[in-house]
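Inside the fold
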Amino acid sequence: MTATTTDTHEGIDMTMTALVVGASGIGGSGIADLLVDREWAVHGLARRPTGQPGVTPVVADLQDARGTADALGTIDPDAVFITTWARRDSEAENIRVNAAMVRNLLDGLPKPARPRHVALVTGLKHYLGPFEAYGKGTLPQTPFREDQPRLDVENFYYAQEDELFAAAARDGFTWSIHRPHTVIGLAVGNAMNMGTTLAVFATLCRETGRPFTFPGSAAQWTGLTDMTASSQLARHLLWAAETAGAHDQAFNIVNGDVFRWQWMWRRIADWFGIEAAPFDGNVRPLEQQMADDADKWRQIAKREGLAEADLSRLASPWHTDADLGRPIEVVTDMSKSRRLGFTAYQPTDDAFFTLFDQLRAERLIP
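Residues numbered from 1 in each chain as written. Predicted model: local features only at pLDDT ≥ 70, side-chain atom pairs only at ≥ 80, totals over all residues. Heavy atoms only, no water.

1. Describing the sheet that holds strand β5 (residues 55-59)
Which entries qualify depends on this criterion: Only strands that DSSP links by at least two bridges are regarded as paired with each other. Helix and strand definitions here come from DSSP, where helices need a minimum of 4 consecutive H or I residues and strands a minimum of 2 consecutive E residues; each element is numbered from the N-terminal end. For every element, the axis is a line fit to its C-alpha atoms; helices are fit only across the contacting stretch, and the angle between N-to-C directions ranges from 0 to 180 degrees.
If you trace the seven strands from one edge of the open sheet to the other, you get β5-β4-β3-β6-β7-β8-β12, paired in parallel fashion. At either end of the open sheet lies a strand with only one pairing partner, and these are β5 and β12 (249-253). Strand after strand, the sheet turns through a mean of 20 degrees between neighbouring axes, direction not considered. Summarising the sheet, strand β7 (residues 117-121) and strand β8 (residues 174-180) pair through five bridges and their orientation is parallel.

As structure tokens, then:
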């Protein structure tokens, strides 16, 4: 797939069309921006579209099958990028709701009139287990590889995959699955947002004089890990859509470097002009450290004229705690993509710093 092809006999410009599902989120906004830059016609589906430049908004709630079908209307995309999910109180509900969302989307699209590719973004809970059993029990060895079998537990990522496989068999489209490690990118109101959470926490520590204390486990502090910039995920999504050898495959996607948090924590502290507190081996979750910070953030936002005064729309301490509190080292293997020709690379500290610059430019942090 290339962005634009031209019929030389008829002189007709045939622009490629994409549907980005969850276009206002970290992953969705990244791929939408890349596609716009590559001159695709981009439709961005969200419950509350954010008015992204170059993106035609599609308002829909994927839990409403009829409403989704009506919203999709006559959109016949060359590629669909599914980057959204909904969190519920139990894994049984996560499975019910998120499987239905994928099913309603793929059932609601007009049947393909030409070759179509559908990409599904999931994540490392494929290997680590769902929220209710996260990082527990018998886990596969690291680095995680795509050919490792599913865990013997219920997991909404597996349910999403199964809906994708069923629809592909029925409708004849190609597919790809993308499993990023914690995504770094710009989004407001996102449920999984470590980069902005750490930026807000560092800002609060600088403002109040509190120590910038690592919230996680000794295993994460000293062990190797990796992450995924939203720009890196976007490049991977487009590469898989345009590469025949990547069709009908599942892939890990990370930046390509590895680091230890004992190094990265100091790098982040330096960017904000604060000292990194010594790590004493005790877990101090951000949910506890930031529990009483909502009023303080409102004060900072008012004083500095920030665009978002609601701390809960910027920070997701619970998710950052889940990642940084894991009792095992987590590293992801990228050999499968490399062998097929994906060579993009993104240093993770640069990804954090790029995000922090964006947050300042958007007046989301002072």
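After that view, the rundown keeps rolling.
2. Here we look at helix α12 (residues 317-324)
Given 3.6 residues to a turn, an α-helix orients residues that are three or four positions apart in the same direction. What counts here: Exposure categories follow from relative accessible area, calculated using a 1.4 Å probe and restricted to protein chains: below 20% of the type maximum is buried, above 50% is exposed, and the middle band is partly exposed. Any two residues having at least one pair of non-hydrogen atoms within 4.5 Å are treated as being in contact.
Where burial is concerned, most of α12 is hidden: seven out of the eight residues are buried. All of the buried residues along α12 are Pro-317, Trp-318, His-319, Thr-320, Asp-321, Asp-323 and Leu-324. Against the buried residues of α12 lie α6 (194-208), α7 (218-222), α9 (261-272) and α10 (286-289).

3. Concerning the packing of α6 against helix α14 (residues 348-361)
Each packed pair of helices is defined by two parameters, the angle between the axes and the distance between the axes. Put simply, the rule reads: Working rule for angles: under 35 degrees goes down as roughly parallel, over 145 as roughly antiparallel, 65 to 115 as roughly perpendicular, anything else as oblique. Crossing handedness follows the turn of the near helix against the far one: under a right angle anticlockwise gives a left-handed crossing, and clockwise gives a right-handed one.
Contact pair α6 / α14: the axes reach a minimum separation of 10 Å and the direction vectors enclose 70 degrees. When the axes of α6 and α14 are compared, the pair comes out roughly perpendicular. Between α6 and α14 lies a crossing of right-handed hand. Contacts between α6 and α14 involve Gly-195, Thr-196, Leu-198, Ala-199 and Arg-206 on the former and, on the latter, Phe-352, Leu-355, Phe-356, Leu-359 and Arg-360.

4. A few points about the confidence of the model for the chain
Convention followed: The quantity called pLDDT is the predictor's confidence in a given residue, expressed from 0 to 100.
Per-residue confidence for the chain averages 93 on the pLDDT scale, and 96% of its residues sit at or above 70. This stretch, residues 4-13, has a pLDDT under 50; its non-local contacts, to residues over four places away or in other chains, come to 11 contacts.

5. Here we look at the pattern of salt bridges
A side chain of one charge can pair with a side chain of the opposite charge if their charged atoms are brought near each other. Counted only if it meets this: Throughout this description, the term salt bridge denotes a Lys or Arg side-chain nitrogen within 4 Å of a carboxyl oxygen of Asp or Glu.
Summed over the entire model, instances satisfying the criterion amount to 19 salt bridges. For Arg-114, the salt bridge is made with Asp-78, and the minimal N-O distance between the two is 2.7 Å. A residue pair is termed long-range when its members are at least 10 positions apart, and Arg-114 in the loop between α3 (91-108) and β7 and Asp-78 in the loop between α2 (65-72) and β6 (79-82) qualify at 36 residues. For Glu-161, the salt bridge goes to Arg-150, with nearest N and O atoms at 2.9 Å. Residue Glu-161 is located in helix α5 (residues 156-171), and its partner Arg-150 is located in the loop between α4 (125-128) and α5; the two are separated by 11 residues in the primary sequence. Assessed through its relative accessible area of 35%, Arg-150 is described here as partly exposed. Members of the salt-bridge network, linked through shared partners, are Asp-76, Asp-78, Arg-114 and Arg-116.

6. Points about the environment of Phe-272
With respect to the element layout, Phe-272 can be found in helix α9. Exposure remark for Phe-272: the relative accessible area of 3% places this residue in the buried category. Placed 87 residues apart in sequence, Phe-272 and Leu-359 show a C-alpha to C-alpha distance of 13 Å. Those residues in contact with Phe-272 that lie beyond four places of it in its chain are Ala-199, Ala-202, Thr-203, Arg-206, Phe-356 and Ile-365.

7. Topic: the nonpolar core
To keep things clear, this is the line we draw: Throughout this description, the term nonpolar core refers to a set of buried Ala, Val, Leu, Ile, Met, Phe, Trp, Tyr and Cys residues connected via side-chain atoms within 4.5 Å.
Within the largest apolar cluster, 40 residues are counted, with the highest numbers of intra-cluster contacts made by Phe-212, Trp-261, Ile-268, Trp-297, Phe-352 and Phe-356. Mapped onto this core, the elements with two or more residues apiece are α6, α9, α11 (294-304) and α14. Ranked by residue count, the leading element in this core is α6, at eight residues. Here Phe-356 is in contact with Gly-195, Ala-199, Ile-268, Trp-271, Phe-272 and Ile-365, once residues within four sequence places are set aside. Of all hydrophobic cores here, the second largest spans 32 residues; its members include Val-20, Ile-31, Leu-35 and Leu-237.

8. Here we look at the environment of Ala-218
Positionally, Ala-218 belongs in helix α7. Separated by 64 residues in the primary sequence, Ala-218 and Asn-282 have C-alpha atoms spaced 7.5 Å apart. The contacts of Ala-218, once residues within four sequence positions are left out, are Gly-223 and Phe-279.

9. What about the packing of aromatic side chains?
Note the cut-off: Stacked, tilted and edge-to-face are the three classes assigned to paired rings of Phe, Tyr and Trp, where Trp is represented by its six-membered ring and a pair needs centres within 6.5 Å; plane angles under 30 degrees give stacked, over 60 edge-to-face, the rest tilted. Charges are assigned to positions over rings by a cutoff of 6 Å between ring centre and Lys NZ or Arg CZ, combined with an angular limit of 35 degrees from the ring normal.
With the rule as written, the count across this model stands at 20 aromatic pairs. Summarising the aromatic geometry, the rings of Phe-214 and Trp-265 are spaced 5.3 Å apart at their centres and angled 85 degrees between planes, so their arrangement reads as edge-to-face. Here Phe-214 is found in the loop between α6 and α7, whereas its partner Trp-265 is found in helix α9, with 51 residues between them in sequence. On the basis of relative accessible area, Phe-214 is assigned to the buried category, the value being 1%. Sitting above the plane of the Trp-318 ring, Arg-87 keeps its charged end 3.7 Å from the centroid. The residue whose ring lies beneath Lys-336 is Phe-251, and the NZ or CZ to ring-centre distance is 5.2 Å.

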